[in-house]
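Summary of the model geometry
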Amino acid sequence: MFPQLEDIAKKRRRLGLKQAELAKLSGVSQSLVAKLESGRIDSSYTKVKTIFNVLERLEAKTKIQEEKVAPNLVIGIQKDEPV
């Protein structure tokens, strides 16, 4: 199922991108991103798909970087052990 247009703003903000940055990476205008996010326009499938592809690629890249920094290793010690 194709993501909802409302997800563009959520994903963009989560990635810390400005509309202009997302637009440049997607090859569309900043005004198109703004109109899609506000619900003022329904764009072509191709342009919206391109935007979502960029967002998904950046999310995957961010996840990989997070895993390098904070792997899911739980290390525990007893309260009386020296650190």
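Residues numbered from 1 in each chain as written. Predicted model: local features only at pLDDT ≥ 70, side-chain atom pairs only at ≥ 80, totals over all residues. Heavy atoms only, no water.

Notes on the side chain of Gln19
Within the element layout of this structure, Gln19 appears in helix 2 (residues 19-26). When near neighbours in sequence (up to four residues on either side) are disregarded, Gln19 contacts Arg12, Gln30, Val33, Ala34 and Glu37. (Helix = DSSP H or I, 4+ residues; strand = E, 2+ residues; numbered from the N terminus. Contact = heavy atoms within 4.5 Å.)

Concerning helix 3 (residues 30-38)
Among all positions of helix 3, only Leu32, Val33, Ala34, Leu36 and Glu37 are buried. At the C-terminal side of helix 3, Gly39 shows a positive phi close to 80°. (Buried < 20%, exposed > 50% of the residue type's maximum accessible area, 1.4 Å probe, protein only.)

Overview of the environment of Val54
The residue Val54 is located in helix 4 (residues 45-69) in this model. Relative accessible area serves as the criterion here: at 4%, Val54 is assigned to the buried category. The sequence separation of Val54 and Leu25 amounts to 29 residues, and the corresponding C-alpha distance is 7.0 Å. When sequence neighbours within four positions are dropped, the list of residues in contact with Val54 reads Leu22, Leu25 and Ser26.

Observations regarding the environment of Thr50
Tracing the backbone shows Thr50 in helix 4. At 2.8 Å, the side chain of Thr50 forms a polar contact with the backbone oxygen of Thr46. (Polar contact = N/O pair within 3.5 Å; in protein donor to acceptor, adjacent residues only side chain to side chain.)

Points about the side chain of Lys11
Examined against the element boundaries, Lys11 turns out to sit in helix 1 (residues 6-14). Sequence-distant contacts of Lys11, defined by excluding residues within four places in its chain, comprise Phe52, Leu55 and Glu59.

Regarding the environment of Ala20
Of note, Ala20 is situated in helix 2. Residues Ala20 and Ser31 lie 11 residues apart in sequence; the distance between their C-alpha atoms is 8.4 Å.

Regarding the packing of helix 2 against helix 3
The axes of two packed helices give the description: the angle between them and the distance between them. Orientation of helix 2 relative to helix 3, taken along the N-to-C sense of each, is 115°, at an axis distance of 8 Å. Classified by the angle their axes make, helix 2 and helix 3 are roughly perpendicular. For helix 2 against helix 3, the interelement crossing comes out right-handed. Contacts between helix 2 and helix 3 involve Gln19, Ala20, Leu22 and Ala23 from the former and Gln30, Val33, Ala34 and Glu37 from the latter. In terms of residue class, the contact of helix 2 with helix 3 is built from 5 nonpolar, 2 polar and 1 charged. (Axes fitted to C-alpha atoms, helices over the stretch in contact; angles between N-to-C directions. Parallel < 35°, antiparallel > 145°, perpendicular 65-115°, else oblique. Left-handed = near helix turned anticlockwise from the far one by under 90°. Nonpolar A, V, L, I, M, F, W, Y, C, P; charged D, E, K, R; others polar.)

These results come straight from atomic positions and should not be treated as a statement about function.
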